[in-house]
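Structural description and commentary
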Amino acid sequence: MRVPIIAGNWKMYKTMGEAMGLVNAIKKSLGSFDKAEVVVCPPFTALNTVYGLIENSMIKLGAQNLLWEKEGAFTGEISPVMLKDCGCEYVIIGHSERRQYFGETNETVNKKMKLALDMGLMPIVCVGETLADREANKTNAVIEAQLKGAFADISNDDMANVVVAYEPVWGIGTGKTATPDMAQAVHKFIRTWLTSNFNADIAEATRILYGGSVKPENAKELMAQDDIDGGLIGGASLKAESFIAIARNAIA
Ligand code: PGA
């Protein structure tokens, strides 16, 4: 049985004070909820502040990016050592906004995955097609290329600590969600790819999250699909009520 993950990607929102307010509200309304792993991914500047508030709770901390080096002259970058130091367990890698605006490639995703895993951080590696890819019937080919790049030379042992997020680029922050059938088809494709490139046990155990305009109203149907194991939530994770409602709706 795969334990679902509901992860909030706060993107470039929330000052320290706002982050404290949000995470306290999430903690309070979560109560003893234990049907899913709940992860929050604040901006770097609020990581440690948030960690101080969730340290002894069931909520886990994730970062939104990292560099593939432990330290060095890399002005403006953040290393996995620093993320661990802030209390992070997870790190989002290869989000489409990083690919689109900051030159992230399948190769840099792979370098980041390797160092994150070496350092004991669990990558949430994002893949997804653009609208043009989908309209040209290239969805599977694009996803396959992203998976091939991201997972190059990742060992079977390391796969126990990897989470995949399928986020169609056309569905992020647009209000357009893939239908449950469309999402399930890609999730199934990803799981089949994992079976062929690793093995059936690894494919069966890997959590594959859906992301892209997930809201309390559509969460249940999406998460009810066989191969959808939770969500990576952007906009709706910025308010405790909607984030918690997704967690509660998502889990039967
Ligand atoms: P969204 O973002 O829920 O606002 O569409 C999802 C994401 O980018 O991770």
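For the structure itself, look to the data block above.
Now for a description of the structure that goes with this document. (Residues numbered from 1 in each chain as written. Predicted model: local features only at pLDDT ≥ 70, side-chain atom pairs only at ≥ 80, totals over all residues. Heavy atoms only, no water.)

**Observations regarding the overall build of the chain**
Quick reminder of the rule: By the criteria applied, helices consist of DSSP H or I runs no shorter than four residues and strands consist of E runs no shorter than two, each listed in order from the N terminus. The atom set for the radius of gyration is the C-alpha atoms, and the globule formula is 2.2 Å times the number of residues raised to the power 0.38. The buried label applies to any residue whose accessible area, calculated with a 1.4 Å probe on protein chains only, is under 20% of its type's maximum; exposed applies above 50%, and partly exposed to all values in between.
The helix and strand inventory of the chain stands at 11 helices and eight strands. The C-alpha radius of gyration of the chain comes to 17 Å, within 12% of the 18 Å expected for a compact globule of 252 residues. With respect to the three principal axes, the spread of C-alpha positions in the chain is 45 × 45 × 35 Å. Looking at the 252 residues of the chain, the share that counts as buried comes to 54%.

**Considering the pattern of salt bridges**
Operational definition: Only one rule defines a salt bridge in this text: a Lys or Arg side-chain nitrogen within 4 Å of an Asp or Glu carboxyl oxygen.
By the definition in use, this model includes 10 salt bridges. Here lysine 11 ties to glutamate 97 by a salt bridge, and the two come within 2.8 Å at their closest N and O atoms. Within this pair, whereas lysine 11 is found in the loop between strand E1 (5–9) and helix H1 (16–30), its partner glutamate 97 is found in helix H4 (residues 96–101), the two being separated by 86 residues in sequence. Under the relative-accessibility criterion, glutamate 97 is labelled partly exposed at 23%. Arginine 207 is the salt-bridge partner of glutamate 37, the closest N and O atoms lying 3.2 Å from each other. Taken together, the residues span a long stretch of sequence, with glutamate 37 in strand E2 (residues 37–41) and arginine 207 in the loop between helix H9 (200–205) and strand E7 (208–211) at a distance of 170 residues. You can call glutamate 37 buried: its relative accessible area is 15%. Connected through shared salt-bridge partners, Arg2, Arg191, Glu204, Asp227 and Asp229 make up one network.

**Examining the packing of aromatic side chains**
Definition in use: Side-chain rings of Phe, Tyr and Trp (the six-membered ring for Trp) are treated as a pair once their centres are within 6.5 Å; stacked means planes under 30 degrees apart, edge-to-face means over 60, and tilted covers the remaining angles. Whether a charge sits over a ring comes down to the Lys NZ or Arg CZ being within 6 Å of the ring centre and within 35 degrees of the ring normal.
Going through the model one piece at a time under the given rule, you end up with five aromatic pairs. A centroid spacing of 5.9 Å and a plane angle of 75° characterise the contact between phenylalanine 151 and phenylalanine 198, whose relative ring orientation is edge-to-face. Of the two residues, phenylalanine 151 sits in the loop between helix H7 (139–150) and strand E6 (163–166) while phenylalanine 198 sits in the loop between helix H8 (180–197) and H9, which places them 47 residues apart along the sequence. For the pair formed by phenylalanine 151 and phenylalanine 198, the shared burial category is buried. Taken together, Phe151, Trp193 and Phe198 form an aromatic cluster joined through their ring pairs. Geometry around tryptophan 68 places lysine 111 over its ring, the cationic atom sitting 4.3 Å from the centre.

**Observations regarding the environment of glutamate 135**
Looking at where glutamate 135 falls in the secondary structure, it is placed in helix H6 (residues 131–135). For glutamate 135, a relative accessible area of 62% corresponds to the exposed category. Linking glutamate 135 and aspartate 118, residues 17 residues apart in sequence, is a C-alpha distance of 38 Å.

**Focus on the nonpolar core**
Definition in use: Here the nonpolar core consists of buried residues drawn from Ala, Val, Leu, Ile, Met, Phe, Trp, Tyr and Cys, with membership extended through side-chain atoms lying within 4.5 Å. For this analysis, residues touch if any pair of their heavy atoms sits within 4.5 Å.
Trp10, Ile26, Val40, Val50, Phe151 and Ile190 are the most contacted members of the largest nonpolar core, which has 67 residues in total. The greatest single-element share of this core, amounting to six residues, is contributed by helix H11 (residues 240–250). Here isoleucine 190 is in contact with Val127, Ile143, Leu147, Val164, Tyr166 and Ile208, once residues within four sequence places are set aside.

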